[in-house]
Amino acid sequence: MKLFTVGPVEMYEHTLRERGKQLPYFRTEQFSTVMMEIEERLKRIMKTSSKSKCAIITGSGSAAMESVVSNSLDKNDNVLIINGGSFGRRFVELCEIYSIPFDELIVPFDEQLSEKHFESHKEINYTAMLVNLHETSTGQLYNIELLSKFCKQHGMKLIVDAISTFLSDEYDMDGNGIDCTIVSSQKALALAPGLSMIVMNQTFYKEKVEGKPPINLYLNIQSHVENLKRGQTPNTPAVGICYELLDMLRKIEKNGVETKVQNTAIMANHFRLLVSHTSIKIPEFTLSNTLTPLYFENGGARKIYDYLKNNYDIYVTPSGGDLSDKLLRIGHMGNVQIEYYDELIKYLKEAL
Ligand SMILES: *Cc1c(COP(=O)(O)O)cnc(C)c1O
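Each value, and the rule that gives it
- Residues numbered from 1 in each chain as written.
- Predicted model: local features only at pLDDT ≥ 70, side-chain atom pairs only at ≥ 80, totals over all residues.
- Heavy atoms only, no water.
- Helix = DSSP H or I, 4+ residues; strand = E, 2+ residues; numbered from the N terminus.
- Expected span 1.5 Å × (residues − 1).
- Core = buried A, V, L, I, M, F, W, Y, C linked by side-chain atoms within 4.5 Å.
- Buried < 20%, exposed > 50% of the residue type's maximum accessible area, 1.4 Å probe, protein only.
- Contact = heavy atoms within 4.5 Å.
- Pairing = 2+ DSSP bridges.
- Axes fitted to C-alpha atoms, helices over the stretch in contact; angles between N-to-C directions.
- 1 Å grid on protein atoms, 1.4 Å probe; cavity = no way out; pocket = protein on both sides within 12 Å on 5 of 7 lines; lining within 4 Å.
- Points joined across faces, edges and corners; volume = space filled by probe spheres on them.
- Nonpolar A, V, L, I, M, F, W, Y, C, P; charged D, E, K, R; others polar.
- Phe/Tyr/Trp six-rings, centres within 6.5 Å; stacked < 30°, edge-to-face > 60°.
- Lys NZ or Arg CZ within 6 Å of the ring centre and 35° of its normal.
- Parallel < 35°, antiparallel > 145°, perpendicular 65-115°, else oblique.
- Left-handed = near helix turned anticlockwise from the far one by under 90°.
- Salt bridge = Lys/Arg side-chain N within 4 Å of Asp/Glu carboxyl O.

Caption draft 1: Representation of helix α2 (residues 29-46). Here α2 is 18 residues long and its end C-alpha atoms lie 26 Å apart, about the 26 Å a rise of 1.5 Å per residue gives. Lys47 sits one or two positions beyond α2 and adopts a positive phi of about 60 degrees.

Caption draft 2: Quick peek at the nonpolar core. In this structure, Ile82, Phe118 and Met129 are the most contacted members of the largest nonpolar core, which totals 61 residues. Secondary structure elements with two or more residues in this core: α2, β2 (53-58), β3 (79-83), β5 (128-132), α5 (144-153), β8 (157-161), β10 (195-200) and α8 (239-255). The leading source of residues in this core is α8, at eight residues. Among all residues touching Phe118, those that are not within four sequence positions of it are Leu80, Ile82, Leu105, Leu113, Met129, Leu146, Leu147 and Phe150. Among the nonpolar cores identified, the runner-up in size contains 29 residues, and Val69, Ile163, Met200 and Phe204 belong to it.

Caption draft 3: Structural view of the pairing of strand β13 (residues 327-331). Of all five residues in β13, five are buried; the element is thus mostly enclosed. Covered by surrounding structure in β13 are Leu327, Arg329 and Gly331 together with Leu328 and Ile330, the residues of both alternating faces. Pairing of strand β11 (residues 291-295) with β13 involves five bridges; the strand directions are antiparallel. Looking across to β13, one finds that Leu294 is bridged to Leu328.

Caption draft 4: A look at the sheet that holds β3. Pairing is mixed in the open sheet, where seven strands are placed in the order β2-β10-β9-β8-β5-β3-β4. Of all strands in the sheet, those bounded by a partner on one side alone are β2 and β4 (102-106). Neighbour to neighbour, the strand axes of the sheet diverge by 15 degrees on average, direction disregarded. The sheet contact formed by β3 and β5 spans three bridges and is parallel. Residue Ile81 lies in a different strand from β5, and its bridge partner there is Leu130. Strands β3, β5 and β8 of the sheet are contacted by α5, whose axis makes an angle of about 150 degrees with β8.

Caption draft 5: Geometry of the layout of surface pockets. The volume enclosed by the largest pocket comes to roughly 380 Å³. Taken together, 19 residues make up the lining of the largest pocket; nearest its centre are Gly85, Ser86, Arg89, Ser137 and Leu323. For the lining of the largest pocket, the element with the most residues is helix α4 (residues 86-97), which contributes three residues. In terms of residue class, the lining of the largest pocket is made up of seven nonpolar, nine polar and three charged.

Caption draft 6: View of the packing of aromatic side chains. Counted by the stated rule, this structure contains twelve aromatic pairs. Centre to centre, the rings of Phe4 and Tyr341 are 5.2 Å apart; their planes meet at 65 degrees, and the pair counts as edge-to-face. With Phe4 in strand β1 (residues 2-4) and Tyr341 in helix α11 (residues 338-351), this pair connects stretches of sequence that are 337 residues apart. For Phe4, a relative accessible area of 0% gives the class buried. The buried category is assigned to Tyr341, whose relative accessible area is 0%. Of the aromatic side chains, those joined through ring pairs into one cluster are Phe4, Phe271, Tyr340 and Tyr341. When the ring centre of Tyr340 is taken as origin, the NZ or CZ atom of Lys2, which lies over that ring, is 4.6 Å away.

Caption draft 7: The arrangement of the packing of helix α10 (residues 301-312) against α11 in detail. Where α10 meets α11, the closest approach of the two axes is 10 Å, and the angle between their N-to-C directions is 120 degrees. Put simply, α10 runs oblique to α11. Considering the relative orientation of α10 and α11, their crossing is right-handed. On the side of α10, the interface is formed by Ile304, Tyr307, Leu308 and Tyr312, while α11 contributes Leu344, Tyr347, Leu348, Glu350 and Ala351. Considering only residue class, the contact of α10 with α11 consists of eight nonpolar, no polar and one charged.

Caption draft 8: Here's a closer look at the packing of α2 against α8. Between α2 and α8, the least distance of the axes is 9 Å, while the angle of their chain directions is 45 degrees. Considered as vectors, α2 and α8 are oriented oblique to each other. In the crossing of α2 with α8, the sense of the turn from one axis to the other is left-handed. Across the interface between the two elements, Phe31, Val34, Met35, Glu37, Ile38, Arg41, Leu42, Arg44 and Ile45 from α2 touch Val239, Cys242, Tyr243, Leu245, Leu246, Leu249, Arg250, Ile252 and Glu253 from α8. Of the residues assigned to the contact of α2 with α8, the class counts are 13 nonpolar, no polar and five charged.

Caption draft 9: Up close: the pattern of salt bridges. Considering all chains together, one arrives at 17 salt bridges under this definition. A salt bridge links Lys2 to Glu343; the shortest N-O distance between them is 4.0 Å. Taken together, the residues Lys2 in strand β1 and Glu343 in helix α11 connect sequence positions 341 residues apart. Its salt-bridge partner being Lys157, residue Glu207 comes within 2.9 Å of it at the nearest N-O pair. Residue Glu207 is found in helix α6 (residues 202-209), and its partner Lys157 is found in strand β8; the two are separated by 50 residues along the sequence. Judged by its relative accessible area of 52%, Glu207 is exposed. The exposure class assigned to Lys157 is buried, which follows from its relative accessible area of 15%. Several salt bridges converge on common partners, so that one network encompasses Glu37, Glu40, Arg41, Arg44, Arg250 and Glu253.

This is how it looks when you write it as structure tokens:
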């Protein structure tokens, strides 16, 4: 089986070894040191101050999205949501459920988010922006400088779902004025799904989270942050994934974060070059190294997906909604090798 998916992805040998170990009890000093080391390394890798606050939540990325929206925003906010696909839509649904006032900036599939899209939003008083920096459902990577500049000019908090760009592309939380970052375990970290992390700068935490009455229990950010001060979580965490995470963060820092990003870029660029010699189209907007979207104007994406799965046990990522028969996404995360792509392109051509 080969996974060119966008999470879970092919795990590394060292992660599989971690997964095979007996789990310890977690209300211990030993486990607290694990959690505190995770927090420290995560902040460093994200390029944020050691004073930033962190919540480690047992739940997939959507749990962290829900936690951030419900705990940091309320009816006194007015949020601008960048909605370029199904993950943007998830922020919309969350704001609807929690009765948070918002506007949507819709990015159509064939357009690159640019300054002109903000024209009609310039005169409106917003308090925050919610954005999936890499909209995984289409493959578009937004320009962080553009978003950051708009937020700064309008005094808005910048909340970034970086789940599918973190560790695939460069990420500089403080340098880009990002107030809150959401990441999760099963994307470029290449771990089991089920753990998500929220990192907030001090000001954001003070102004938007701290002191507010709890809106929920399991997803309460304050109780996670308070508990993490002593290396603990309010409820039983996914203990095994915490160990996988620590192991992975150590490896990444040992080899250099840049190396991790570069290796993913090598996979992506190699595959894109191979595709450029075929009739398959790649959309023109800016791409993340995470995945390559393949666009089939006249449909057929589903059949190709089935063909690869049924004949070669290869899993590429299918799409949903309007794009379901037009878009396939080829992942470059996790334990993939350059030769996999030479093989994949051969089978793709065959399928065509
Ligand atoms: C994967 C992903 C999520 C989280 O989805 P889950 O299914 O809850 O893990 C959120 N945002 C983006 C951009 C993603 O790629």
